[in-house]
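One letter stands for each residue in the lines below.
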Amino acid sequence: MSSEYGYAGRILRVDLSSGRLSDVPTSRYAERFLGGRGISAKVYWDEVPPSVKPLDEANKLIVMTGPCCGFTGIGGSRFEICGKSPSLATPYFSSCNFGGSWGAYLKFAGYDGIIVEGKSDKPVYLSIVDGKAELKDASHLWGKTTLETRAMLKEQMGSATRVL
C-alpha cells in the first residue's frame, strides 16, 4: 500500500457493458476530496447527469475506502457505497457507510475503490485476487440467495475470500 495520503493509489473502473476493466489514479482525487464519501461524490458529480434514473446503465455504483481504512485501531475498515438509490423515497445520490473487513481487504488488494458502470448482457461477478481484477461468469449463482451466493463463492475461491 502506498503511503501517499493513506491510499493504495488506484481505483478500479468496471464497465459492465464492454467487460473492460481499467485503473484510475486515486491521486486525481485524494488531495482535494476527503475519504471515500468525498471521492465518491466527486466522481458522481462529474460523471452522472441529474437526469439519469437509478437503474439506467449510465448510473454508477461506487464503492470507496478512505485513508484510514486498513489501519488497525483508527476506523480500521470503514468504506462507502454510493450511487443513486432506486428507492422511491430517495431517488437521488446517497451513500452508506459499512464496517467489517471487506474494505481493508480491498485496499490490501491494491485498490482504494471500485466504480461500476454499464450493464452486462449476462450475470457476472467481480473477482479481485492479489491485485488482479477479473469479471467472471456468474450463471451458476443466478437465482441464489445472498447467503447461498456467499457460501458458494467461499467454497469455490477459499474460506478466506471476502464477499460483498
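What you see is a predicted model; the values in this text were computed from it and never measured. (Residues numbered from 1 in each chain as written. Predicted model: local features only at pLDDT ≥ 70, side-chain atom pairs only at ≥ 80, totals over all residues. Heavy atoms only, no water.)

Engineer: Got a minute to help me understand the sheet that holds strand β1 (residues 10-15) in this structure?
Structural biologist: Taken together, the 6 strands give an open sheet; going across it, the order is β2-β1-β6-β3-β4-β5, and neighbouring strands pair in mixed fashion. Of all the strands in the sheet, the pair left with one neighbour each is β2 (20-25) and β5 (93-98). Taking each pair of neighbouring strands and ignoring which way they run, the sheet shows an average axis angle of 15°. Here 5 bridges tie β1 to strand β6 (residues 113-117), and the two strands are oriented parallel to one another. Counterpart to leucine 12 in the pairing with β6 is isoleucine 114. Relative to the sheet, helix α2 (residues 35-47) contacts β1, β3 (60-65), β4 (79-84), β5 and β6, its axis offset from that of β3 by approximately 155°. (Pairing = 2+ DSSP bridges. Helix = DSSP H or I, 4+ residues; strand = E, 2+ residues; numbered from the N terminus. Axes fitted to C-alpha atoms, helices over the stretch in contact; angles between N-to-C directions. Contact = heavy atoms within 4.5 Å.)

Engineer: I'm lost on the side chain of lysine 84 in this one. Help?
Structural biologist: When you line up the elements, lysine 84 lands in strand β4. No salt bridge is formed by the buried lysine 84; its nearest oppositely charged neighbour, aspartate 56, is found at 7.4 Å. In this structure the side chain of lysine 84 is engaged in a polar contact, spanning 2.6 Å, whose partner is the backbone oxygen of valine 52. (Buried < 20%, exposed > 50% of the residue type's maximum accessible area, 1.4 Å probe, protein only. Lys, Arg positive; Asp, Glu negative; His and termini not counted. Salt bridge = Lys/Arg side-chain N within 4 Å of Asp/Glu carboxyl O. Polar contact = N/O pair within 3.5 Å; in protein donor to acceptor, adjacent residues only side chain to side chain.)

Engineer: What's the story with unusual backbone geometry in this structure? I'm lost.
Structural biologist: The general pattern is negative phi for most residues beyond glycine and trans for most peptide bonds. A positive phi angle, close to 50°, is found at aspartate 130, a residue other than glycine. When you line up the elements, aspartate 130 lands in the loop between β7 (124-129) and β8 (132-137). For aspartate 130, a relative accessible area of 79% puts it in the exposed group.

Engineer: Got a minute to help me understand the nonpolar core in this structure?
Structural biologist: Buried together is how nonpolar side chains tend to be arranged in soluble globular proteins. One finds Ile11, Tyr29, Ile39, Val43, Ile62, Met64 and Ile115 to be the most contacted residues of the largest nonpolar core, which totals 14 residues. For isoleucine 11, the residues in contact, after removing those within four places along its chain, are Ser22, Asp23, Val24, Thr26, Tyr29, Ile39, Met64, Tyr111, Asp112, Gly113, Ile114 and Ile115. Core analysis: the second largest hydrophobic core is formed by 10 residues, Leu12, Phe79, Leu106 and Tyr111 among them. (Core = buried A, V, L, I, M, F, W, Y, C linked by side-chain atoms within 4.5 Å.)

Engineer: For this particular structure, what's the right way to read the packing of aromatic side chains?
Structural biologist: For any pair of aromatic rings, the description consists of the separation of the ring centres together with the inter-plane angle of the planes. With the rule as written, the count across this model stands at 4 aromatic pairs. Centroid distance tyrosine 44 to phenylalanine 93: 4.9 Å. Interplanar angle 45°. Geometry classified as tilted. With tyrosine 44 in helix α2 and phenylalanine 93 in strand β5, the pair connects residues that are 49 residues apart, well separated along the chain. On the basis of relative accessibility, which here comes to 6%, the residue tyrosine 44 falls in the buried class. Here the aromatic rings of phenylalanine 79 and phenylalanine 98 are separated by 5.5 Å at their centres, their planes lie at 20°, and the arrangement is stacked. With a gap of 19 residues between them, phenylalanine 79 in strand β4 and phenylalanine 98 in strand β5 connect regions that are remote in the sequence. (Phe/Tyr/Trp six-rings, centres within 6.5 Å; stacked < 30°, edge-to-face > 60°.)

Shape descriptors only; they carry no functional weight alone.
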